[in-house]
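Each chain, written out:
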Amino acid sequence: MEFSFTKEQKERAEEILKRYPVKRAALLPLLWLVQEKDGYVSDDAVKFMAGFLDISPADVWGVATFYTMFERKPAGRHHVQVCTNLCCRLKGADWLLRYLKNKLNVEAGATTSDGKFHLSTVECLGSCGTAPMMQIDDDYHEELDAEKVDRIIAGLK
Amino acid sequence: MMKILTKNFGVPDSHLLKVARANGAYSSLGKLFAMKPEDAVQEVKKSGLRGRGGAGFPTGTKWGFVPKGTGKPVYLVVNADESEPGTFKDRAIIEKDPHLLIEGILIASHAIGADTVYVYFRGEYYRQWERFLSALKEAKEARIVGERPFIHAHRGAGAYICGEETALLNSIEGYRGVPRIRPPFPAVSGLFGCPTIINNVETLASLPYIIREGGEAYAKIGTEKSRGTKLISVCGHVNRPGVYEIELGMSIARFLAEHAGGTPEERALKAVVPGGSSVPVMTAAEALGGCLSYEGCEKAGSMLGSGGMIVMDESACMVRCLADIAKFYHHESCGQCTPCREGCGWIKKICERLEAGEGREGDLELMLAVADNMQGKTICVFADALAMPVKSFVTKFKDEFEEHIRFGRCPR
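Residues numbered from 1 in each chain as written. Chains lettered and ligands numbered in written order. Predicted model: local features only at pLDDT ≥ 70, side-chain atom pairs only at ≥ 80, totals over all residues. Heavy atoms only, no water.

A. Inspection of the overall build of chain A at higher detail. Secondary structure assignment for chain A yields seven helices and five strands. In chain A, the succession of helices and strands from N to C terminus is α-α-α-α-β-α-α-β-β-β-β-α. For chain A, the C-alpha atoms occupy an extent of roughly 50 × 35 × 25 Å along the three principal directions. Here the analysis covers contacts within chain A between residues at least 6 apart in sequence; of these, 59% occur between residues at least 24 apart. (Helix = DSSP H or I, 4+ residues; strand = E, 2+ residues; numbered from the N terminus. Contact = heavy atoms within 4.5 Å.)

Here it is as structure tokens:
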């Protein structure tokens, strides 16, 4: 299916292009717009973006696959990311990951059967002093214990 | 103790312009705009301020590298791509006092003659990016930020390497975040081939004080080689993890006791990584005899780096800790240089087999040899950032590594 921005996104895209002296520099902000609309960067979006910025699809693909936050396939409705880096590990990240795997009944790197949650492990999110932590979509949840995790997960639609 | 960076951290709603202004935000600007740009550079040189991103390069000197009269625009790029494990200090500034950062941006732009500023946020700092944007909006509405400089907030998308300044420039230009070969240095040919200064968030946040009170006043704080105050973010096995502002030169022992509140259940201290995961680890003895200054950390066998302190008590397994560090660097290597791309993977594999009890005779020597082949042999210092922990962990905690091989399991 051909990709296109929404009308409102088109306006934002035009505004974004004005921030940079060369078009290509708008690639990252525009890929964020793509992901905001579809939840991931599809092959069609790559082609669209290449045309939009006058660069090759390979250029767009190279960038979209380099940065880990750009999803390359549809993920769950909520992306649950657990930091398993050193600092979080010292403060119980192993426990948190185990707890979430059991609670959501899913392995890290996979999506729950109802498509609601995608669980993954990530490297340092700059939340070392408030470990263990997870990021769900755009929000950090810090200093977690079982009760807090239960409450946060229950609060998600 | 003088509070320069954190003075508003405890003030409710300190991120709002009204509150920030009541607490002195933007009060340096009157003096700044009466100064010639070169005088502002001079003031910062006098202050002795060194870059707070990790490298510690003198800020005023860096500014002085911008060539005059090239006819090209000059860019200021703000490095808010904080992602080194153990480091969460810039985040505190952005969340709690974004106007201090904006004031710093205005000062630096005036000094170097920048008319466009890009603030590069790590992609994960979405809420922090929003907070900055709303502070910027308020500052624009109040006409504190005018037509020039243009200040744009640019979001990364998950790549630690983009904290490396030339990778960051490539990322803004819409490329993969791979570091560039220097020279040319960014001050001469950086963003879009134009003169560019890249400064860390904390560095910029230190500027309002320097302009308001003068470089000499700032230089009176700290030690001879480490002037001023610095944020230390402390985590791991401590009772009070968090972000603390210290006068440079404070002893690590005092910092751990007074700020970090000691180790949980008074367990014995085993090791301290003082400046983010990339600096050499200190033994407890080195740490307790060391100081938090650029020269003090070096003397104690490490580096001040970003001031991201990771504390391990006796319950930590040093092999596991190094394995976690190696996992990070393996995941984040941009893959451009072979010694780094391959070396990080080798180190990770060896650490993991040691921890799993499958270590072999000669593994420690192999790790050191791999680290030697990484250090100083690549375009940027990313490879060194793993080689230094490897060398220090393996040599300073050799017994623990050998035990893993001898016992065929992790003894902890």
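Now that the structure has been shown, we can carry on.
B. Looking closely at unusual backbone geometry. Pro132(A) follows Ala131(A) through a cis peptide bond whose omega is -5°. Along the chain, Pro132(A) turns up in the loop between strand E3 (117–122) and strand E4 (134–136). Residues Arg148(B) and Pro149(B) are joined by a peptide bond in cis, for which omega reads -5°. Relative to the helices and strands, Pro149(B) resides in the loop between helix H7 (126–141) and strand E3 (150–155). The phi dihedral of Glu266(B) is positive, around 50°, even though this residue is not glycine. Among the secondary structure elements, Glu266(B) is positioned in the loop between helix H12 (252–259) and strand E8 (269–273).

C. Here's a closer look at the interface of chain A and chain B. Across the boundary between the two partners, chain A contributes 37 residues, which contact 54 residues of chain B. Buried area between chain A and chain B, summed over both chains or domains, comes out near 3,700 Å², and the portion from carbon and sulfur atoms is 58%. Contact with chain B buries area across many residues of chain A, yet Phe66(A), Leu86(A) and Leu90(A) alone supply 17% of it, more than any other trio. Scanning the region where chain A abuts chain B turns up four salt bridges. For Arg127(B), the salt bridge is made with Asp139(A), and the minimal N-O distance between the two is 2.6 Å. The interface formed by chain A and chain B includes 19 residue pairs in polar contact (both at pLDDT 80 or more). Of all the elements in the fold, those that place two or more residues in the side of chain A that touches chain B are helix H2 (27–38), helix H4 (57–66), helix H5 (86–90) and strand E5 (139–141) of chain A. Partitioning the side of chain A that touches chain B into residue classes produces 20 nonpolar, nine polar and eight charged. (Buried area = accessible area lost by both parts, 1.4 Å probe. Salt bridge = Lys/Arg side-chain N within 4 Å of Asp/Glu carboxyl O. Polar contact = N/O pair within 3.5 Å; in protein donor to acceptor, adjacent residues only side chain to side chain. Nonpolar A, V, L, I, M, F, W, Y, C, P; charged D, E, K, R; others polar.)

D. Structural context of the packing of aromatic side chains. Inspection of the entire model under this criterion finds 24 aromatic pairs over all chains. Ring geometry for Phe5(A) against Phe52(A): centres 5.8 Å apart, planes inclined by 90°, an arrangement best described as edge-to-face. Taken together, the residues Phe5(A) in the segment before helix H1 (7–17) and Phe52(A) in helix H3 (residues 43–53) connect sequence positions 47 residues apart. With a relative accessible area of 5%, Phe5(A) lands in the buried category. Of the aromatic side chains, those joined through ring pairs into one cluster are Phe3(A), Phe5(A), Phe48(A) and Phe52(A). The ring of Tyr175(B) carries the charged tip of Arg24(A) above its face, separated from the ring centre by 3.7 Å. The positively charged end of Lys37(A) is found above the aromatic ring belonging to Phe3(A), 4.7 Å away from the centroid. (Phe/Tyr/Trp six-rings, centres within 6.5 Å; stacked < 30°, edge-to-face > 60°. Buried < 20%, exposed > 50% of the residue type's maximum accessible area, 1.4 Å probe, protein only. Lys NZ or Arg CZ within 6 Å of the ring centre and 35° of its normal.)

E. Inspection of the domain arrangement of chain B at higher detail. Residue and element names in this part refer to chain B. Here chain B is partitioned into domain 1 (17–219), domain 2 (229–313) and domain 3 (318–407). With centres defined by C-alpha atoms, the gap from domain 2 to domain 3 works out at 23 Å. For the pairing of domain 2 and domain 3, the buried interface totals around 1,000 Å² over both sides, and the portion due to carbon and sulfur atoms is 70%. In this structure, the connection of domain 2 to domain 3 is made through two salt bridges. Here glutamate 400 makes a salt bridge to lysine 270, at a shortest N to O gap of 2.8 Å. Counting the contacts that link domain 2 with domain 3 gives seven residue pairs in polar contact (both at pLDDT 80 or more). By residue class, the composition of the side of domain 2 that touches domain 3 is seven nonpolar, four polar and two charged. (Domains from an automatic or database assignment.)

F. Representation of the layout of surface pockets in the model. All names here are of chain B. Taken as a whole, the second largest pocket spans an internal volume of roughly 1,200 Å³. Around the second largest pocket, the lining is made up of 46 residues, and of these Gly53, Gly54, Ala55, Gly163 and Val381 lie nearest the centre. Those elements that place two or more of their residues in the lining of the second largest pocket are helix H4 (59–64), helix H5 (89–96), strand E4 (196–200) and helix H18 (382–396). With five residues, E4 is the largest single contributor of residues to the lining of the second largest pocket. Along the lines of polarity and charge, the residues of the lining of the second largest pocket split into 18 nonpolar, 17 polar and 11 charged. (1 Å grid on protein atoms, 1.4 Å probe; cavity = no way out; pocket = protein on both sides within 12 Å on 5 of 7 lines; lining within 4 Å. Points joined across faces, edges and corners; volume = space filled by probe spheres on them.)

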